[in-house]
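Chain and residue survey
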Amino acid sequence: MAGTEKASGTPKKRTTAKRSVGRPRRLDPDAMVATARRIIEEEGLDALSMRRVAKELGSTPMALYHYVQDKDELLMLTLSGTAAAFPRPELPEDPRERLLAVAVHMHGILAQIPWVLDILALGELTDKNALWMVEEITGSALACGLPPARAVRAYRTIWSYVYGDLVFRRAAERRAENPPSGRYFPEMITEEDAAALPRLTEVRDRWREYAADYEVAEELDAIIEGLISRGTRRPPGTRNAIGAPDE
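All of the points below concern the structure found in this document. (Residues numbered from 1 in each chain as written. Predicted model: local features only at pLDDT ≥ 70, side-chain atom pairs only at ≥ 80, totals over all residues. Heavy atoms only, no water.)

**What about the pattern of salt bridges?**
For the structure on display, the rule yields 14 salt bridges. Between Arg204 and Glu191 there is a salt bridge; the shortest N-O distance is 3.4 Å. You can see Arg204 sitting in the loop between helix H9 (198-203) and helix H10 (207-212) and its partner Glu191 sitting in the loop between helix H8 (148-177) and H9, a full 13 residues away along the chain. You can call Glu191 exposed: its relative accessible area is 54%. What emerges from the salt-bridge pattern is a single network uniting Arg38, Glu42, Glu43, Arg52 and Glu56. (Salt bridge = Lys/Arg side-chain N within 4 Å of Asp/Glu carboxyl O. Helix = DSSP H or I, 4+ residues; strand = E, 2+ residues; numbered from the N terminus. Buried < 20%, exposed > 50% of the residue type's maximum accessible area, 1.4 Å probe, protein only.)

Structure representation (structure tokens):
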């Protein structure tokens, strides 16, 4: 036994040193954020979890909580800086044209980073560096004569179009990559539906062509025209944007 036991006694118990409990392994916050962003970009938001990020970094979820409070804060950090990576465009002085230019710019940015849409869909999470666009759209709407409440709603309407259009574009790309085996809209409409759905039956065969044949700037221009023309029509006696009664 090579001298590990006494000849006439009981074997000695081997002892192992206890691992000291200390602070978790120090993480690189930049690497943590980059890992989270890569997971979202490659696999989607559903694949992201604190456990997954920790595993990728060779650490533990508890170690991540020394840097972020929860998953929402990690997502905020993941968004941070995305807007700043895109230079601001030269904007026209005319408030209506400025409003349109910023809205088109917003659409263009998000079209290049579609993974951001999944985070924005959670609500309340955003990149603070992107708020200049919200400021410009709201300010331009006010300069066009809209009262504050309508200016805010104008932004919401514009954002709804931008977000919705990009979501539909992503869906169309996925369908093109993996065509469905079943008959869905508009192919599900047949001649038997002509009586109940005469207009849809008429345009069914060209629906996809018509739906895809449009310019974002033209659609946003039409939306803005409607928002401004409707929002600046006030009944006599109502108050304007600065609180003074109309003549």
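After that view of the structure, there is still more to cover.
**So, the packing of aromatic side chains**
Applying the stated rule across the entire model yields two aromatic pairs. With a centroid separation of 5.7 Å and an interplanar angle of 40°, the aromatic rings of Trp159 and Tyr163 are classed as tilted. Of this pair, Trp159 and Tyr163 both sit in helix H8, four residues apart, which is roughly one turn of that helix. Tyr163 gets classed as partly exposed once you look at its relative accessible area, which sits at 24%. Ring geometry for Phe185 versus Trp207: centroids 5.1 Å apart, planes at 80°, classification edge-to-face. On the criterion of sequence distance, the pair formed by Phe185 in the loop between H8 and H9 and Trp207 in helix H10 is long-range, its members being 22 residues apart. Residue classification places Phe185 among the partly exposed positions, given a relative accessible area of 35%. (Phe/Tyr/Trp six-rings, centres within 6.5 Å; stacked < 30°, edge-to-face > 60°.)

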